[in-house]
Amino acid sequence: MTKRSNLNKEMFDSISKEYDFINNLITFGFHKKWKKEIIEIVKKIKPKKILDLATGTADIAIQLSSIENCKIIAVDPSTKMLKIGHRKIQKLNSNKNILLEEGNSENLKYGKKTFDAVTIGYGVRNFTNLKKSLNETYRVLKNDGLLIILETSLPTNPLMSFFYNIHTKLYVRLIGMIFSNNSNAYKYLQSSAKTFPHGEAFKKILIDLNFKDVRFEIKLFGASTIYVAKKSI
Ligand SMILES: C[S@@+](CC[C@H](N)C(=O)[O-])C[C@H]1O[C@@H](n2cnc3c(N)ncnc32)[C@H](O)[C@@H]1O
């Protein structure tokens, strides 16, 4: 593991306990709606096996587990995020078709063409090596398999951009300071959203990596974006 991956793991370990609570506060609960949209997109291809990469506290994996006759493998390098996820799964008694595993996007242990879909919620901008990680998702996807990514983006409308800046620079940082024992993590998470490619720029990255039929849907004036791409050869 590289030094940056280690720091990344330590950071998510340190915010694991309050992650879900703060996530609800800073997205005003919208992340749940967008995650549900991911499930609706995936359901259409009647998947049998899905990888939820950067699963964190397993929000998406839990929702995916409602898909009948489908096995969910949920992977994350943060032991403590996974521990919270494990507790949530046990509480909901939905552990029959979810397997939580420690792992890193850059070196997935699964064979090529294993999954019908790969989902990644708010994970890609934390990957130390984005292209290597996306290539790995390509490798483990079956032909015609779908990669679905939910990630923060930036509003283009100047008025929305103004409110977005107030939200990130003041509100998110304040919430981080009040409720998290690592407020620097929230500073990092917000500043990384500013520089991470989004919209057409992220679409181009996926196309350059051979994904086909790449499309994206902007959510809440650009606060987040859902990308859908297909492995097609
Ligand atoms: C912001 S959380 C998102 C968690 C969850 N998917 C959600 O939507 O709430 C980002 C997650 O990405 C994970 N992560 C960071 N680097 C990773 C990598 N290289 N491979 C897989 N997961 C990674 C972190 O450990 C963390 O749990």
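Draft legend 1. Region of interest: the site of the ligand. As a matter of local geometry, the ligand sits amid 18 residues, with Tyr19, Ala54, Asp76, Ser105 and Gly121 nearest to it. For the ligand, an oxygen atom lies 2.6 Å from a polar atom in the side chain of aspartate 76. Here a nitrogen atom of the ligand and a backbone polar atom of glycine 121 are 2.8 Å apart. With four residues, the top contributor of residues to the shell around the ligand is helix H1 (residues 3–27). Looking at the shell around the ligand residue by residue, the class counts come to seven nonpolar, nine polar and two charged.

Draft legend 2. The arrangement of the pairing of strand S6 (residues 212–219) in detail. Alignment of S6 against strand S7 (residues 224–230), held across six bridges, turns out to be antiparallel. Within the sheet, the bridge partner assigned to lysine 219 lies in S7 and is serine 224.

Draft legend 3. A positive patch on the surface, seen in detail. Taken together, the side chains of Lys17, Lys80, Lys83 and Arg87 define a basic patch exposed on the protein surface. The leading source of residues in the positive patch is helix H4 (residues 79–92), at three residues. Assignment of secondary structure puts lysine 83 in helix H4.

Draft legend 4. Structural context of the packing of H1 against helix H7 (residues 183–195). Running from amino to carboxyl end, H1 crosses H7 at an angle of 65 degrees, the nearest separation of the two axes being 10 Å. As far as their axial angle goes, H7 and H1 are roughly perpendicular. Where H1 crosses over H7, the handedness of that crossing is right-handed. From H1, Met11, Phe12, Ile15, Tyr19, Ile22 and Ile26 reach across to H7, where they touch Ala185, Tyr186, Tyr188, Leu189 and Gln190.

Draft legend 5. Structural context of the pattern of salt bridges. Enumeration according to the criterion identifies 14 salt bridges in this entry. Notably, a salt bridge pairs lysine 33 with glutamate 37, separated by 3.1 Å at the nearest N-O pair. One end of the pair is lysine 33 and the other is glutamate 37, both in helix H2 (residues 30–43) and four residues apart, which spans about a single turn. Look at lysine 33 and you get partly exposed, because its relative accessible area is 47%. Assessed through its relative accessible area of 19%, glutamate 37 is described here as buried.

Draft legend 6. Local environment of the sheet that holds S6. An order of S3-S2-S1-S4-S5-S7-S6 is seen for the seven strands of this open sheet, with the pairing classed as mixed. In the strand order of this sheet, the two ends are held by strand S3 (98–102) and S6, each with one partner. Going across the sheet, the axis of each strand differs from the next one's by a mean of 15 degrees, ignoring polarity. Where strand S2 (residues 71–76) meets S3, five bridges bridge the pair, whose relative direction is parallel. Looking across to S3, one finds that alanine 74 is bridged to leucine 100.

Draft legend 7. Fine view of the environment of valine 172. Within the secondary structure layout, valine 172 lies in helix H6 (residues 158–179). Residues valine 172 and leucine 25 lie 147 residues apart in sequence; the distance between their C-alpha atoms is 8.6 Å. Not counting residues up to four positions away in its chain, the partners in contact with valine 172 are Ile26, His167 and Gln190.

Reading guide: rules and limits
Residues numbered from 1 in each chain as written. Predicted model: local features only at pLDDT ≥ 70, side-chain atom pairs only at ≥ 80, totals over all residues. Heavy atoms only, no water. Near = heavy atom within 4 Å. Polar contact = N/O pair within 3.5 Å; in protein donor to acceptor, adjacent residues only side chain to side chain. Helix = DSSP H or I, 4+ residues; strand = E, 2+ residues; numbered from the N terminus. Nonpolar A, V, L, I, M, F, W, Y, C, P; charged D, E, K, R; others polar. Pairing = 2+ DSSP bridges. Patch = residues over 30% accessible without salt bridge, like charges linked within 9 Å, V, L, I, M, F, W, Y side chains within 5 Å. Areas by Shrake-Rupley, 256 points an atom, 1.4 Å probe, with all protein chains shown as cover. Salt bridge = Lys/Arg side-chain N within 4 Å of Asp/Glu carboxyl O. Lys, Arg positive; Asp, Glu negative; His and termini not counted. Charge placed at Lys NZ, Arg CZ, Asp CG, Glu CD. Axes fitted to C-alpha atoms, helices over the stretch in contact; angles between N-to-C directions. Parallel < 35°, antiparallel > 145°, perpendicular 65-115°, else oblique. Left-handed = near helix turned anticlockwise from the far one by under 90°. Contact = heavy atoms within 4.5 Å. Buried < 20%, exposed > 50% of the residue type's maximum accessible area, 1.4 Å probe, protein only.

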